[in-house]
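# Inside the fold
These are the residues of each chain, in order.
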Amino acid sequence: MKIPFVDLKAQYYSLKSDIDQAIAGVIENTAFIKGKYVDEFETNYKKEYGVKHCIGVANGTDAIYIALKALGIGVGDEVITAAYSWISTSETISQTGAKPVFVDIDPEYFTIDVNKIEEKITSKTKAIIPVHFYGQMADIIRIKEIADKYNLILLEDCAQSHFAEYKGIRAGLTGNVATFSFYPGKNLGAYGDAGAIITNDDDLAMKMRMFANHGSLKKHEHLIEGINSRLDGLQAAVLSVKLPNIHEWNNKRLENARTYTRLLNGIKEVQTPAVREGAKHIFHVYCLRAEKRNELVKFLAEKGIDTAIHYPTALPNMPAYQYLGYKPEDFPVSTAYQDLILSLPMYPELSLEQMEYVADTIKEFYS
Ligand SMILES: *Cc1c(COP(=O)(O)O)cnc(C)c1O
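To keep things clear, this report deals only with the structure shown in the data block. Everything numeric here is computed off the predicted structure, so don't read it as measured data.

What counts and how
Residues numbered from 1 in each chain as written. Predicted model: local features only at pLDDT ≥ 70, side-chain atom pairs only at ≥ 80, totals over all residues. Heavy atoms only, no water. Near = heavy atom within 4 Å. Polar contact = N/O pair within 3.5 Å; in protein donor to acceptor, adjacent residues only side chain to side chain. Areas by Shrake-Rupley, 256 points an atom, 1.4 Å probe, with all protein chains shown as cover. 1 Å grid on protein atoms, 1.4 Å probe; cavity = no way out; pocket = protein on both sides within 12 Å on 5 of 7 lines; lining within 4 Å. Sits in = over half its atoms within 2 Å of the grid points. Helix = DSSP H or I, 4+ residues; strand = E, 2+ residues; numbered from the N terminus. Points joined across faces, edges and corners; volume = space filled by probe spheres on them. Nonpolar A, V, L, I, M, F, W, Y, C, P; charged D, E, K, R; others polar.

### Notes on the site of the ligand
Looking at the ligand, there are 14 residues lining it, with Gly 60, Thr 61, Gln 160, Ser 181 and Lys 186 nearest. Within the side chain of Asp 157, an N or O atom sits 2.8 Å from a nitrogen atom of the ligand. Interatomic distance of 3.1 Å between a side-chain N/O atom of Lys 186 and an oxygen atom of the ligand. Within the complex, 92% of the 380 Å² of free accessible area of the ligand lies under protein. The site holding the ligand turns out to be the largest pocket. Put simply, the parts of the chain that give the shell around the ligand at least two residues each are α4 (60–70) and α5 (88–95).

Written out as structure tokens, the structure is:
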């Protein structure tokens, strides 16, 4: 059996005629930049989330950068974020001129360790960016308390957690602003790069829309200098077709995760991912902690099973952040997990037969 890590084609075939029609519509209307398909998606997304503003942007990295710039983060500021994430979360902090300050992750849930945030707060700290990682929300309730106590801006990086929940609160609805990626492999994926920002703050929404479009709200009137980061019509049209299905897809991922966890139960060399009490995990990534991880990866590959590592190196341990002077021991959990974590194939279309094959092959490796 051959099991790919992701299978974007299966999803395309399930919606083929609607997607083909939507793409043809964009071309027919030459609505490539801005225009009705982008307006439609922004409206659909903000309705689905129940927020006042949605701003479509070129990708999830720009989304964070645009939000930080519009919030006035810059030189001399510090922004706290998780030591384990995709580099977008921290490189955008640096791009504004501010300094990323990393906090280790929680050993159970892989998200920022809320017990280690306060010790990193200084007089320069302006914002916290929790990452709702692998599809599970960080402890946003306690993070919000800390943000309020120290008067910090709260930006939720929801790139991996569209419509995840914690104690009835959706990812993205607690902070001042939340950012999303629609990279093709994300739970809600476009057919190229795409991203969005949501907020209930009118003034912030206006500033972000302006900054993302060359500092302009009205053609040829540039109030500030900005950047060019727009959601394009083709991506917006694809996303509007996919959006009504996201809850069903998330539920299938969750079901598949439960199946994996049941099938892997009892293998003592493997630890399956934990779900926070009261959380709806949407399993963008199903991440194990596995002994002899590298040998296991090789064995699975030989048996036709693709896996991935999200990510091989924690952010503070990357060459890009050596200038900050951290040591690997400063982030004991993240550093230890570099050699343990392993992501199994995960998508809504996975079959029971495929998951049984993965689990049996893992059992075979350890026996
Ligand atoms: C994917 C991702 C991003 C960036 O999204 P792009 O659309 O690829 O720019 C940001 N943060 C996290 C946690 C991500 O996983």
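### Quick word on the layout of surface pockets
Taken as a whole, the largest pocket spans an internal volume of roughly 510 Å³. Lining of the largest pocket is provided by 27 residues; of these, Trp 86, Tyr 183, Lys 186, His 284 and Tyr 311 occupy positions nearest its centre. For the lining of the largest pocket, the secondary structure elements donating two or more residues are α4 and α5. No other element matches the three residues that α4 contributes to the lining of the largest pocket. Looking at side-chain class alone, the lining of the largest pocket contains 13 nonpolar, 11 polar and three charged residues. Around the second largest pocket, the lining residues are Lys 34, Arg 209, Asn 213, His 214, Ser 216, Leu 217, Lys 218, Lys 219, His 220, His 222 and Arg 230. Among the elements that take part in the lining of the second largest pocket, strand β10 (residues 216–218) stands out by supplying three residues, more than any other. Here the residues of the lining of the second largest pocket are counted per class, giving one nonpolar, five polar and five charged.

That's the geometry; what it means functionally is another story.
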